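Fold and geometry: a report
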Amino acid sequence: MKTLTKILLFMAITGCFSTLSAQENFRVWPYLQYPDTDAMSIIWFSESALLGRVEYRELGTDLFLGVESNPELAESLAYSSWEDTTFFEGEAPSAPYKHRIRLESLMAGTTYEYRVIQGTETFYSSFCTAPDGNDSIRFIVYGDCETEPESTGNYTSWPDPVTGVSRKYLIDQTTGYRNNLEVIRSRHSDLVLIAGDLTQHGGEQRDWDEFWRHNTDSSGSTTLAGQVPVITAPGNHDYYEGNYLDGYNQPGSESAIRRYLTYFESPANHSPNKEQEGRYYHLRYGQVSIISLDLCNNGSNGSDEDTNFYLLGESDIGGGNAPDFGIGSVQYNWLESQLKEAQEKSIFTFVMFHHIPYSSGPHGFPVGEGDLLDNQSGVPTRLLTPLFLMYGVDAVFCGHDEMWERSEISGQEVLEDGTQVNYTLPFFDVGTGGDGLRGPVEGTDNIFQQFLVHTDAPEKWEGDYLIEGGKHYGHLEVEIIPVNEHTHKAILTPVYVFPIYSEEDSAYTGFERREYNDQLILSRTIADTTVGKEVLEKISMATRSYPNPFYTQTLIEYHLQESGNTKVSIWDDQGRLIRILVDRFCVAGSHSLLWEGEDGEGNRVSPGLYLYRIETESGAILWGRMICLDF
Ligand SMILES: [Fe+2]
């Protein structure tokens, strides 16, 4: 009866608003924020102050729970007067209302269906809470999408790696970003990370409108941010006041970053300056720590420790609240405490911020004025590298130079017992989300460079058409896999979205997911109190299934490092063999198998827990868990 009551209540709520106009509906479709083992935030924006409602239930159960929203006017998201005049002929929409509901008392690693009712519209989707055990995790990281309406029809410069001549890229920025997001969505990751410069101008509301047009959708099956929490770090463009005003002046930069802070929610950093909440934070997700920093400004304006000459931050006269990051600053001290905690509690620690410290691009020059001395240099952020090494950070994700470049710094981690171990820390510039595709700049000398797409992925043309290689929009895919109770692997795969030329359309209308030949595999072994790392060790496979739990079918994905005979089988929770899906030679690379919940004789299996087992020729065996639901 309780379930029926809830469903009837749901129908009554949706029905009673049926006569309302579109004025009462969504401005920004719902999206997920701040994932935890027992909680998830759902945020959306509406045109009016009308109450909204979230209803949710664990997948496979009947009981819906409902929570009403408390809309608040989001004044920080109002269009500026110059936007109103320039783009809306004085009739820009008024500021929207923000709805934020934090669902709590959820179960870890569990899929929930949810629906959001706002006015006459209802949005349906699902999410998964963070795991509290050793489940595998997949997340994707990119930077520098720099959205704005003007990206449509705007083709970025695409330097020829052989001649150095600047060319026009094959597709425009909007198409590039849209294709990139479509590939990301198809990977069913647990998180999406963006390493700054989300918008072209953080102070332009139109640029944020464009960001959410790409990342949310009215359909739960095609939304990205409505299925996967988006985790962000602020970049210099997010502090940028706007195209028609004075760049990084105050209070313009504060009003720009206020838009960013209104949209995103993160764990508290407990800064004594409340205005700095949300600018940097530490998110724990399963066995992973993600520490996101705001390194957009430091020290006195114009000093050689400053990443932005024109942004007035917390230590500048007349400055805003952009936090310093130098030794002794609040953010630095907080960072050290969080790195220490992460070293103790998490198997992998990843740090994300915008300004790449090691780069062969235009921001790889030391700080300073003049042709070769950048006023938005990433070099000052190198002062944090000793901390990253000391506390054993596993990888650093940045953007800013839009290069796709991997650099490595060698050092020593100091373990909790004082022991020092050698290891190598990779830094990634993953800033090829959807804006620039730069080449190296003459005069920078990045001696730490290990991989640069510009030179390490040569283009191959057939006649007038590119068929292989080259620098493209893309992202880094990170897979965390428990190999056994002591060892975990992190597989970092650089992915690019290759444009496919269509003779029928006489244009690059297609695209496909491809991988650069620079996969990095980190291994962390926990044995008693000793933590060690091996870098670039080969792994035999990586795997997961989706959806999980499932009703009618699930896709088992696995990656083979080496070719060989491979056997994939299904077992029940009593250890009985249910079916052999594959037992044959398989080439190295990614594979997927559909299991339609049937045994070897074609009979539907009973609902419950099932295991899949992947066995390679080398003898490596990996098990995965799946839950088959009744339908
Ligand atoms: Fe940037």
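Keep in mind the model is a prediction, meaning the values are calculated, not measured. (Residues numbered from 1 in each chain as written. Predicted model: local features only at pLDDT ≥ 70, side-chain atom pairs only at ≥ 80, totals over all residues.)

1. A few points about the overall build of the chain
Quick reminder of the rule: Per the convention used, a helix needs a DSSP run of H or I reaching at least four residues, while a strand needs a run of E reaching at least two, with both numbered from the N terminus. We take the radius of gyration over the C-alpha atoms and set the globule estimate at 2.2 Å times the residue count to the 0.38 power. Partly exposed residues are those whose C-beta has more than 12 but fewer than 20 other C-beta atoms within 10 Å; with 20 or more the residue is buried, with 12 or fewer it is exposed, and the C-beta atoms are placed from the backbone. C-beta atoms are first placed from the backbone for all residues, and any pair lying within 7 Å is then listed as a contact.
Scanning the chain from N- to C-terminus turns up eight helices and 34 strands. Relative to the globule expectation of 25 Å for 631 residues, the C-alpha radius of gyration of the chain, 25 Å, shows essentially globular dimensions. The dimensions of the chain, computed from C-alpha atoms along their principal axes, are 75 × 65 × 60 Å. Buried positions account for 47% of the 631 residues belonging to the chain. Put simply, 65% of the contacts in the chain that link residues at least 6 apart link residues at least 24 apart.

2. Concerning unusual backbone geometry
P251 follows Q250 through a cis peptide bond whose omega is 5 degrees. By the secondary structure assignment, P251 is in the loop between β13 (230-232) and α5 (252-263). At Y34, a position not held by glycine, the phi torsion is positive, near 45 degrees. Within the secondary structure, Y34 sits in the loop between β1 (26-33) and β2 (40-46). For Y34, a count of 18 C-beta atoms within 10 Å puts it in the partly exposed group. Here the phi dihedral of E402 falls at roughly 55 degrees; this positive angle occurs in a residue that is not glycine. Tracing the sequence through the fold places E402 in the loop between β17 (395-399) and β18 (405-414).

3. Observations regarding the nonpolar core
A general trend in soluble globular proteins is that nonpolar side chains are found buried together. Note the threshold: By our criterion, buried Ala, Val, Leu, Ile, Met, Phe, Trp, Tyr and Cys residues that link up through C-beta atoms within 7 Å make up a nonpolar core. Delimitation of the domains relies on an automatic or database domain assignment.
V141, V192, L193, A195, M352, V396 and F397 are the most contacted members of the largest nonpolar core, which totals 115 residues. Sorting elements by how many residues they give to this core places strand β24 (residues 487-502) first, with seven residues. Looking at which domains feed residues into this core, each of domain 1 (2-128) and domain 2 (137-535) supplies at least three. For V141, the contacting residues outside a window of four places in its chain are L193, A195, M352, F397, V430, H475, L476 and V478. Formed by 13 residues, the second largest nonpolar core is a distinct cluster that contains F550, V568, I614 and C628.

4. Details of helix α3 (residues 173-186)
What counts, and what does not: One less than the residue count of a helix, multiplied by 1.5 Å, gives the span that helix is expected to have.
Taking 1.5 Å as the rise per residue, α3 with 14 residues should run 20 Å; its terminal C-alpha atoms sit 20 Å apart, in good agreement. With 11 of its 14 residues buried, α3 lies for the most part within the structure. Q173, T174, T175, G176, Y177, N179, N180, L181, V183, I184 and R185 are the residues of α3 that are buried. Buried residues along α3 sit in contact with β9 (137-142), β12 (191-194), α4 (205-215), β23 (474-482), β24 and β25 (507-515). In the stretch just after α3, H188 is the one whose phi turns positive, near 50 degrees.

5. Remarks on the domain arrangement of the chain
Quite often, the size of an interface is put as the accessible area lost when its parts meet. As assigned here, the chain comprises domain 1 (2-128), domain 2 (137-535) and domain 3 (543-628). Using only C-alpha atoms to locate each centre, domain 2 and domain 3 end up separated by 35 Å.

6. Details of the sheet that holds strand β4 (residues 65-68)
Under the convention used in this document: Think of it this way: DSSP has to see at least two bridges between two strands before they count as a pair. To get an axis, a line is fitted to the C-alpha atoms, and for a helix only the part in contact is used. The angle between two axes follows their N-to-C directions and goes from 0 to 180 degrees.
Strand order in the open sheet formed by four strands is β4-β3-β7-β8, with antiparallel pairing between adjacent strands. Lying at the two open borders of the sheet, with one neighbouring strand each, are β4 and β8 (121-128). The mean angle between the axes of side-by-side strands here comes to 20 degrees, regardless of whether they run parallel or antiparallel. Strand direction decides the pairing type here: strand β3 (residues 53-58) and β4, joined by four bridges, are antiparallel. What sits directly across from E55, in β4, is G66.

7. Some thoughts on the environment of C398
Within the secondary structure, C398 sits in strand β17. When residues no more than four places from it in sequence are discounted, the contact partners of C398 are G143, A195, F353, H354, H355, I356, F427, F428 and D429.

8. Observations regarding the pairing of strand β6 (residues 97-103)
Within β6, five of the seven residues are buried, leaving the element largely enclosed by the surrounding structure. Examined bridge by bridge, strand β5 (residues 72-73) and β6 share two bridges and lie antiparallel to one another. From the neighbouring strand, L73 faces β6, where its bridge partner is Y97.

9. Concerning the sheet that holds strand β14 (residues 281-285)
Strand order in the open sheet formed by seven strands is β14-β15-β16-β17-β19-β18-β20, with mixed pairing between adjacent strands. Since the sheet does not close on itself, it has two edges, and those belong to β14 and β20 (449-452), each with one partner. Neighbour-to-neighbour, the strand axes of this sheet turn through a mean angle of 20 degrees, independent of strand direction. Where strand β15 (residues 288-292) meets strand β16 (residues 348-355), five bridges bridge the pair, whose relative direction is parallel. Residue pairing across strands places S289 opposite T349, the latter belonging to β16.

10. Observations concerning the confidence of the model for the chain
The condition that has to hold: As a per-residue measure, pLDDT reflects the predictor's confidence and takes values from 0 up to 100.
Here the chain averages 88 in pLDDT, and 91% of its residues register 70 or above. Confidence over residues 1-22 falls short of pLDDT 50; this stretch has 19 contacts with residues more than four positions distant or in other chains. The low-confidence segment residues 528-541, where pLDDT is below 50, has 38 contacts with residues more than four positions distant or belonging to other chains.

11. Overview of the environment of R613
Locating R613 in the fold gives a position in strand β33 (residues 608-616). Judged by the 16 C-beta atoms lying within 10 Å of it, R613 falls in the partly exposed class. Each C-alpha atom of the pair R613 and I570 lies 6.4 Å from the other, and the pair is 43 residues apart in sequence.

12. Some thoughts on the pairing of β16
On a regular strand, each side chain points to the face opposite its neighbour's, so the side chains alternate between the two faces of the sheet. The test is simple: For crossovers, right-handed means that the path from the first strand over the helix to the second runs clockwise, given strands pointing away from the viewer.
In terms of burial, β16 is a largely internal element, eight of the eight residues being buried. Crossover connection from β15 via helix α6 (residues 330-345) to parallel β16: handedness right-handed. Inspection of the sheet shows β16 paired to β17 by four bridges, in the parallel sense. Paired with H355 across the bridge in β17 is G399.

13. So, the environment of Y112
Relative to the assigned elements, Y112 resides in strand β7 (residues 111-118). With 275 residues separating them along the chain, Y112 and L387 place their C-alpha atoms 39 Å apart.

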